[in-house]
Amino acid sequence: MLDQLATERRNEQTMQLDEMTVEDVLRVMNAEDQTVATVIREQIPIIAEVVKHVIASFKNGGRLIYIGAGTSGRLGILDAAECVPTFGVSPDMVVGLIAGGERALIKAVEGAEDSRTLAVDDLKGLQLEARDTVIGIAASGRTPYVIGGLDYAKEVGAVTAAISCNTDAVISGHARYAIEVETGPEVLTGSTRLKAGTAQKLVLNMISTAAMIGVGKVYQNLMVDVQSTNEKLEIRAKRMICEATGVDAVTAERVFSEAHGHVKTAIVMILANVSYTEAVERLQQANGFVRDAL
């Protein structure tokens, strides 16, 4: 039952929330938020297994697909969207699905999250394959849309994982890997956009970032496949070249231009002292890993 879930219980620390000063509300929210990372730490071994499968999917030409409803769905779409500029990947590599489609991003779509078949239709629309990894996200751990999607993904043969904010979550039984981050009662009862949402965002950060590291999208701790789509990112790109190679700003700008605005290629050109063409060939042979291309 919904009222038995930890995320739905009342928080004993905030029973007088409406009588607190603004400062006290903020302090109690901050105190509650500090518990989230600790709970996630306990789930790292399971998260690591999921990441390994995501890496395998990527290397096999597969995708990472998030499915969720409401806040959970929006967080999945946010993480997927951020992968494109951060790691220079195709929008098809990491995909977020939300119950009710794009219009559900800004307005609730009545009944969408209660439909198991809707998720199946959405995944069929993506032409889901066995080489993909599907991660269902639901704070309550019981969303029918997510359950339907996970069941269909298993039928197809894709690796499945579930992220919930309650233990013994229903969706855990519908996935190969169950990440259960029990964040407990919210400051505002049942408002799972708070601690539960924060926990989901942190876990998604871990999965996508670690997976991208695993396929060569990072050198040292630099996002060397970043897309320089604006002035800020272009400045960051040139700074990364300086930091990775030790060259001055003038040299970094010149090689960045010669590398057609690709940070990773510029770094290999400088550190291996090779031409643009050879740097590209080296990176291709190294499957995109800078260290292996040097």
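See the structure shown above.
Presented here is an overview of the structure given in this document. (Residues numbered from 1 in each chain as written. Predicted model: local features only at pLDDT ≥ 70, side-chain atom pairs only at ≥ 80, totals over all residues. Heavy atoms only, no water.)

### Considering the overall build of the protein
For step 1, the next point in the chain: Helices and strands together make up the secondary structure of the protein, namely 12 helices and 5 strands.
For step 2, the next point in the chain: Taken along its principal axes, the extent of the C-alpha atoms in the protein is 65 × 50 × 35 Å.
For step 3, the next point in the chain: Counting all 294 residues of the protein, 49% fall into the buried class.
For step 4, the next point in the chain: Counted over contacts in the protein with a minimum sequence separation of 6, partners at least 24 positions apart contribute 65%.
For step 5, the next point in the chain: Separation between the mean location of the 28 positive side-chain charges and that of the 38 negative ones in the protein comes to 3 Å. (Helix = DSSP H or I, 4+ residues; strand = E, 2+ residues; numbered from the N terminus. Buried < 20%, exposed > 50% of the residue type's maximum accessible area, 1.4 Å probe, protein only. Contact = heavy atoms within 4.5 Å. Lys, Arg positive; Asp, Glu negative; His and termini not counted. Charge placed at Lys NZ, Arg CZ, Asp CG, Glu CD.)

### Some details on the pattern of salt bridges
For step 1, the next point in the chain: Per the stated rule, a full pass over the model turns up 12 salt bridges.
For step 2, the next point in the chain: The salt bridge partner of E129 is R131, with a shortest N-O separation of 2.9 Å.
For step 3, the next point in the chain: A relative accessible area of 34% places R131 in the partly exposed class.
For step 4, the next point in the chain: Residue K217 pairs with D225 through a salt bridge whose shortest N-O separation is 3.4 Å.
For step 5, the next point in the chain: The exposure class assigned to D225 is buried, which follows from its relative accessible area of 8%. (Salt bridge = Lys/Arg side-chain N within 4 Å of Asp/Glu carboxyl O.)

### A word on the nonpolar core
For step 1, the next point in the chain: One finds F58, V94, I135, I207 and M212 to be the most contacted residues of the largest nonpolar core, which totals 36 residues.
For step 2, the next point in the chain: Elements that contribute at least two residues to this core include exactly α2 (36-41), α3 (44-59), β1 (64-68), α4 (70-87), β3 (133-138), β4 (159-164), β5 (177-180) and α7 (195-214).
For step 3, the next point in the chain: It is α7 that contributes the most residues to this core, 7 residues altogether.
For step 4, the next point in the chain: With residues up to four places along the chain from it excluded, the contact list for M212 reads F58, C83, F87, V89, M93, V94, K217 and V218.
For step 5, the next point in the chain: Counting 27 residues, the second largest nonpolar core, distinct from the first, contains I65, A69, A99 and A153. (Core = buried A, V, L, I, M, F, W, Y, C linked by side-chain atoms within 4.5 Å.)

### What about the pairing of β3?
For step 1, the next point in the chain: Among the 6 residues of β3, 6 are classified as buried, and the element is accordingly described as predominantly covered.
For step 2, the next point in the chain: Residues T133, I135 and I137 point to one face of β3 and V134, G136 and A138 to the other, with burial holding for every one of them.
For step 3, the next point in the chain: Two strands pair when backbone bridges link them, and β3 and β4 are joined in this way by 6 bridges, in the parallel orientation. What sits directly across from A138, in β4, is S164.
For step 4, the next point in the chain: Regarding the hand of the β-α-β motif, the stretch spanning β3, helix α6 (residues 144-156) and β4 is right-handed. (Pairing = 2+ DSSP bridges. Right-handed = clockwise from strand over helix to strand, strands pointing away.)

### Topic: the side chain of D225
For step 1, the next point in the chain: Along the polypeptide, D225 turns up in the loop between α7 and α8 (231-245).
For step 2, the next point in the chain: Here the side chain of D225 touches K217 through a polar contact of 3.4 Å, side chain to side chain.
For step 3, the next point in the chain: Within the structure, D225 has its side chain in polar contact with the side chain of H262 (distance 2.8 Å).
For step 4, the next point in the chain: Apart from residues lying up to four places away in sequence, D225 is in contact with T86, F87, G88, G216, K217, H262 and K264. (Polar contact = N/O pair within 3.5 Å; in protein donor to acceptor, adjacent residues only side chain to side chain.)

### Notes on α6
For step 1, the next point in the chain: Counted at 1.5 Å a residue, the expected span for α6 with its 13 residues is 18 Å, and the 18 Å between its end C-alpha atoms agrees.
For step 2, the next point in the chain: Looking at α6, one finds that the buried residues are Y145, V146, I147, G148, G149, L150, Y152 and A153.
For step 3, the next point in the chain: Buried residues along α6 sit in contact with β1, β2 (94-98), α5 (116-125), β3 and β4.
For step 4, the next point in the chain: The first or second residue beyond α6 is G157, which carries a positive phi of 105°. (Expected span 1.5 Å × (residues − 1).)

### Considering the packing of α8 against helix α10 (residues 263-271)
For step 1, the next point in the chain: In the contact formed by α8 and α10, the axes pass within 10 Å of each other and the chain directions differ by 30°. Taken as axis vectors, α8 and α10 run roughly parallel relative to one another. As for how α8 packs across α10, the hand of that crossing is right-handed. Contacts from A237, M240, I241, A244 and T245 of α8 reach α10 at V263, A266, I267, I270 and L271.
For step 2, the next point in the chain: Each residue belonging to the contact of α8 with α10 can be placed in one class, and the counts come to 9 nonpolar, 1 polar and no charged. (Axes fitted to C-alpha atoms, helices over the stretch in contact; angles between N-to-C directions. Parallel < 35°, antiparallel > 145°, perpendicular 65-115°, else oblique. Left-handed = near helix turned anticlockwise from the far one by under 90°. Nonpolar A, V, L, I, M, F, W, Y, C, P; charged D, E, K, R; others polar.)

### Points about the packing of α4 against α7
For step 1, the next point in the chain: Packing of α4 against α7 brings their axes to within 10 Å, and their N-to-C directions diverge by 30°. Viewed along their axes, α4 and α7 adopt a mutual orientation that is roughly parallel. The hand of the α4/α7 crossing is right-handed. In contact with S72, L75, G76, L78, D79, C83 and F87 of α4, α7 contributes G197, Q200, K201, L204, N205, S208, T209 and M212.
For step 2, the next point in the chain: When its residues are assigned to classes, the contact of α4 with α7 shows 6 nonpolar, 7 polar and 2 charged.

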